[in-house]
Structures are given as structure tokens and as C-alpha cells.
Amino acid sequence: MKKLPIGISTFKQIREENFIYIDKTKEAYEIVTNHKYLFLSRPRRFGKSLFLDTLKEIFQANKELFEGLYIYDKWDWSQSYPVIKISFSGDMKTPQNLKNTILAILKDNQENLGVACDKDNTYDNCFRELIRKTHQKYNKRVVILIDEYDKAMLDNLENMEIAKANREILRAFYGVIKDSDQHIKFVFLTGVSKFAKANIFSGLNNIEDITLSPKFGNICGYTQNDIETTILPYLEGVDLKKLKEWYNGYNFLKDKVYNPFDILLFIRNDKIFDNYWFNTGTPSFLIKLFEKKIYNLAEFENLQVPKSLLNAFNIEEINLETVMFQSGYLTIKEVIQKRNRIEYILTYPNLETKMSFNDYLLDYFVRDHIRKNEVQNGLLDMLEISDLDSLKEVLQSLFASIAYNNFTKNDIENYEGFYASVVYAYFAGAGFDKIVAEDVTNSGRIDLSVFIDDKVFIFEFKVNQSGALEQIIAKNYHQKYRAEFNEIYLIGVEFDSKARNVVGYAWERVE
């Protein structure tokens, strides 16, 4: 069997050294044939770099690498083009480091292309000169491929002054592309985030964003068909339904796709279900947003947002929902067309993301990580045996462990959504297969429904109020689940903002 291309984003190496390759050259052919300026945003570890390198080999007319692939008998291999490839990596924690990085990248390109630029040039003038001289030398317009275009900003979101300074450097750098149009054959940029054109691509208004173009929805990632064909020989004995629940679900308006990194590491690690993609990088900058503003985590199961919210990232006014979508912690569940407006319902892509994200936030909420683990195990144990009297003690232990001093900038203890968030995060982080927040019924919304085996637990939360259980009963929330579940439990939980804990708790089983 072919080898697993873990951490390999060089197309030539994959093709020559017998690694698995999922053919993406149909999308590549459409792109190189019918487009000039393109931008693609995808979460990290999704195959963007490999796709960019595939484009490089196409434009350099390395036909032998494409034998057996879609593009092989369609592209004109007699024509090759000079390629400037820019991949941002390394330490860009200061503006000077970013400038040095750019100059080093441009120097590598000069050596590869046999073109020399004035050694006294600034980074933007060097880029301009490189494009012009490359066109002159090869008598062919230049292909420009830029990977991780946004890294210098994303790496500094916790230091906004540096992020803004780096943005200005990149604005000047990318502005060279606009001024060099007569020398350019094709431009393709990739990154995790999607910054507003006015913020980063000053004047480059003709760049086409294909991030949510259905035609290119499968441009990165493995489809279910890929899993059931190319990848299937590596999945002997694996429950494919469980694999799908754990790792599938990213939706870019075509098929739902898997993150390739997850699947490859799952196979490499003896097919053990674990958090592979999430553990490659933690969303530490998101914690800063939680400190400044109150969010109800439970709402991320079914979050309705306007299309405009996903279209641009602005470092002056960072929006949590935008960051979570572009980073891969949320994906599109449903598209809603309202007259001339488009809205999206967002949700977690899969079990790995939901568990890992909520567990990560709990590590911030909770002072004692050993206690956190004990509480999560307690939640599982109590619900499995329906011991709801003991569940009260588990919930009280849960809220006693919260590090409230992390939230000094807001009155979070008065907010019902905070308590719902913590309970939701514990359930989600513990790995419950199905949790539904704000589930709609004929008579209102259920705060939280937790499902385990043939049982459903309906929660209602109130802050500085009584009557939580009575509300569930009065509104007949349980009717929604009567036909599907053998055991239905109603649980009312009441919090006191001064005590910052559970002060009222009542439950009953629906007979």
C-alpha cells in the first residue's frame, strides 16, 4: 500500500515516492484555465500548501508528475511559466522580523529564478523588481503563489500593535501585485483568515474569493467517497459511521469533508479515536475574546449569522463567530435565503472539534484540572445510571471550581448564559454524543437537552429566580421526545449570582 503523506506538502515528493494522493487536479485545471487572481481561506492543516505546490508543478509543466490524474491529458504542457512562491513561516513577532522574512523569501526566489535585485531595495521594491525582471528574463508572465498570507497577523493577535504594524507591511507588499498586473499570469493566495480587502489588499479589488464557492467546495479535504475508496484499505475494522461522527462535517458549500490530517494521524496511531487536528494548535487568542465579552457556548450548536459576518476579518474589531468559523471550530450547517439576503446556521463540524474546543475552554474556566476531570466523569456516571440526586452535588462541585477572577471585566455571574455555557462545556468536553442547546418546541426553547442511550435529560437554568422545573412542566417540553425515548428526565437548576453556585435543584421523571 502507498505511504501516508503526514506533514508532506510537496507534490513532487508525494508523486515520486509512492504516497497517497487524492486527485485535486480537476479543481486545479478549472482554476488555472479560467481565473487570474484568486484567494482561498481554509483552516490549518487542511491541504492548502499541497494544493499550492500542485499549482506550481502545473505551471512549471512537470507533466510526468501528473500521469493518471485528471489534468494529464487536458493541460498544454508545452508551455511553462516562471513561478514566484512565497510561504510565510517562522518568527514574525516583530515588524522587523517580518521584513527580514520577506527579504529572505525573495532572495530564495531570486536564486531559483536566476534573477538579481538591487541589494539596497526595500522589501516591496525588491518584490516589484523581482516580478518585472523575471518577466523580462523568461519572456513569460509570472505566476505568484502565496501561502499563509495572514500568518504575520494571526501570530500577533494577542499583541494588537504588532498585528497592525505587520498588516501595514503586508499591505505595501501585496500592493505590488496590483501595480505589476502587466507582468503577471496568475496569482493565488491562501490563508486561514479572510481579511477585508480594504485592510490588506489595498487596491487589489479584482481578487476573487473562492472560499465559499460551491464549485471549489472540495478543493481541500477528503470527501466521504475518498474515504470509502482510496482510504478504505487503511481502515480495516474501523466503524465508518463513528469515523464520520468524529472527523467529517466541514462544509464549504459542496460535500462535507474530512480534515486530511485527522484521517492520516488516525491511521498512523493504530486507528484510535482522538483529538489529532485540534492538538496541533490551540486557540489561545479566543480566550481574550471570552474575557472581554459574555458568550453562551451552547448557542454555538445552532448559531444563525449573516453572510457578511463570515466574509471579512477585521483586527480592529475581532468577532468571535468570524474567527471560530475561519479557524475551523465552526462550520456551515445550513444556508438560509431570505429575500435578497443570505444567512448561515453554524455549528461544530464534528465530535472532535466540539469535545476539544469545550474541553480547552474548561481548562481556562476551572482552577483545578484534576477536579475538572472528576466532574466530567461524574456527569457521565450519574447520567448513565440516572442518579439525578447525586448529579446536584456534581453540579455544585463544578461551579465551585470556576476561576471567576478570570472574568473581572464583566458581570458574568449575573448572566444565565454563562451557567448554561459551563454546563454545556462540561457535557460536550466529556464526549456525550448528542447535546442540543436551545432546542425549539411548540411552546418555547429548551435550554439544554442531553442524550445518552435511550434516555434524554431536559435542563432549564435560571439565575436569581425560582421555578425552573415548573417551567419545563408547564410548557410540556418533554412532548417533543416522547415518541423516541424510553426515559425522559426534567431537571430544573437555579443559580444565585452572589453565591455563584447552584441554590435550587429539582427533577422528576416523566411517566
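Coordinates for the structure precede this section.
Keep in mind that this is a model prediction, so the values were computed, not measured.

About the thresholds
- Residues numbered from 1 in each chain as written.
- Predicted model: local features only at pLDDT ≥ 70, side-chain atom pairs only at ≥ 80, totals over all residues.
- Heavy atoms only, no water.
- Pairing = 2+ DSSP bridges.
- Helix = DSSP H or I, 4+ residues; strand = E, 2+ residues; numbered from the N terminus.
- Axes fitted to C-alpha atoms, helices over the stretch in contact; angles between N-to-C directions.
- Contact = heavy atoms within 4.5 Å.
- Buried < 20%, exposed > 50% of the residue type's maximum accessible area, 1.4 Å probe, protein only.
- Phe/Tyr/Trp six-rings, centres within 6.5 Å; stacked < 30°, edge-to-face > 60°.
- Lys NZ or Arg CZ within 6 Å of the ring centre and 35° of its normal.
- Arc of directions from axis to C-beta.
- Salt bridge = Lys/Arg side-chain N within 4 Å of Asp/Glu carboxyl O.
- Core = buried A, V, L, I, M, F, W, Y, C linked by side-chain atoms within 4.5 Å.
- Parallel < 35°, antiparallel > 145°, perpendicular 65-115°, else oblique.
- Nonpolar A, V, L, I, M, F, W, Y, C, P; charged D, E, K, R; others polar.
- Polar contact = N/O pair within 3.5 Å; in protein donor to acceptor, adjacent residues only side chain to side chain.

A short note on the sheet that holds strand β14 (residues 455-463)
If you trace the five strands from one edge of the open sheet to the other, you get β12-β13-β14-β15-β16, paired in mixed fashion. Looking along the sheet, the strands with just one partner apiece sit at the ends: β12 (434-441) and β16 (501-509). Put simply, the sheet's adjacent strands are angled 25° from each other on average, direction ignored. Relative to strand β13 (residues 444-452), β12 runs antiparallel, the two being bridged by seven bridges. Paired with Val436 across the strands is Ser449, a residue of β13. Along the sheet, helix α17 (residues 388-400) makes contact with β14, β15 (487-496) and β16, crossing β16 at roughly 155°.

Structural notes on the environment of Asp381
Mapped onto the secondary structure, Asp381 falls in helix α16 (residues 369-384). Take Asp381: its relative accessible area is 40%, and that puts it in the partly exposed class. Along the primary structure Asp381 and Asn311 are separated by 70 residues, whereas in three dimensions their C-alpha atoms are 43 Å apart.

Quick notes on the packing of aromatic side chains
All chains considered together, the criterion is met by 40 aromatic pairs. One Lys or Arg, Arg44, reaches over the ring of Trp277 and ends 4.3 Å from the middle of that ring. The residue whose ring lies beneath Lys74 is Tyr70, and the NZ or CZ to ring-centre distance is 4.0 Å.

Describing helix α2 (residues 25-34)
Among the residues of α2, Thr25, Glu27, Ala28, Ile31 and Val32 are the ones counted as buried. Buried residues of α2, viewed axially, fall in a sector of 150°; they line one side. On its buried side, α2 packs onto β1 (37-41), α3 (48-59) and β4 (184-191).

Description of the sheet that holds strand β6 (residues 222-223)
Taken together, three strands build an open sheet; the order of strands is β6-β8-β7 and the sheet is antiparallel. Among the strands making up the open sheet, the edge pair consists of β6 and β7 (250-251). As paired strands, β6 and strand β8 (residues 256-258) are joined by two bridges and run antiparallel to one another. Its bridge partner being in β8, Thr223 is matched across the sheet by Val257.

Topic: the pattern of salt bridges
Enumeration over the complete set of coordinates arrives at 17 salt bridges. A salt bridge links Asp179 to Arg128, with the nearest nitrogen and oxygen atoms 3.8 Å apart. With Asp179 in helix α7 (residues 160-179) and Arg128 in helix α5 (residues 123-138), this pair connects stretches of sequence that are 51 residues apart. Judged by its relative accessible area of 45%, Asp179 falls in the partly exposed class. Residues joined in a network through salt bridges with shared partners are Arg128, Lys178 and Asp179.

Examining the nonpolar core
Core analysis: the biggest nonpolar cluster contains 148 residues, and Phe88, Phe188 and Leu391 have the highest contact counts within it. It is helix α18 (residues 416-430) that provides the largest number of residues to this core, a total of 11 residues.

Description of unusual backbone geometry
For Ala61, which is not a glycine, the phi torsion comes out positive at approximately 60°. Residue placement: Ala61 occurs in the loop between α3 and β2 (83-87). For Ala61, a relative accessible area of 16% gives the class buried. One non-glycine residue, Arg339, lies in positive phi territory at about 50°. Mapped onto the fold, Arg339 is located in the loop between β10 (331-338) and β11 (341-347). Taking relative accessible area as the criterion, Arg339 reaches 81% and is therefore assigned exposed.

Details of the pairing of strand β3 (residues 142-147)
Across the six residues that make up β3, a large majority, six, are buried. Side chains Val142, Ile144 and Ile146 of β3 all project onto a buried face; the interleaved residues Val143, Leu145 and Asp147 project onto the opposite face, where all are buried too. Direction of pairing for β2 relative to β3: parallel, over a ladder of five bridges. Its bridge partner lying in β3, Val83 is registered against Val143. With five bridges connecting them, β3 and β4 associate as parallel partners. Looking at the pairing, Val143 lines up with Phe186 of β4.

Examining the packing of helix α10 (residues 240-247) against helix α15 (residues 351-365)
Where α10 contacts α15, the two axes come as close as 4 Å, and the packing angle between them is 45°. With respect to α15, the axis of α10 lies oblique. Note on element contacts: α15 touches α10 through Leu351, Glu352 and Met355, opposite Glu245, Trp246 and Tyr247. Each residue belonging to the contact of α10 with α15 can be placed in one class, and the counts come to four nonpolar, no polar and two charged.

Examining the environment of Val32
Along the chain, Val32 turns up in helix α2. Note on Val32: relative accessible area 6%, which makes it buried. In this structure, the C-alpha to C-alpha distance between Val32 and Ile210, residues 178 residues apart in sequence, is 13 Å. Once residues within four sequence positions are removed from consideration, Val32 is found in contact with Leu55, Phe59, Trp75 and Phe186.

Digging into α10
Working note: α-helix, 3.6 residues per turn, so residues spaced by three or four point in the same direction. Restricting attention to buried positions, one finds in α10 the residues Leu243, Trp246 and Tyr247. Angularly, the buried residues of α10 cover 70° about the axis, an arc narrow enough to put them on a single face. Those residues of α10 that are buried are in contact with α9 (224-228), β7, β8, α11 (260-268) and α15. In this structure Asp239 caps α10, since a side-chain oxygen of it lies 3.0 Å from the backbone nitrogen of Lys241. Positive phi shows up at Gly249, right after α10, with a value of about 125°.

Structural measurements only, silent on function.
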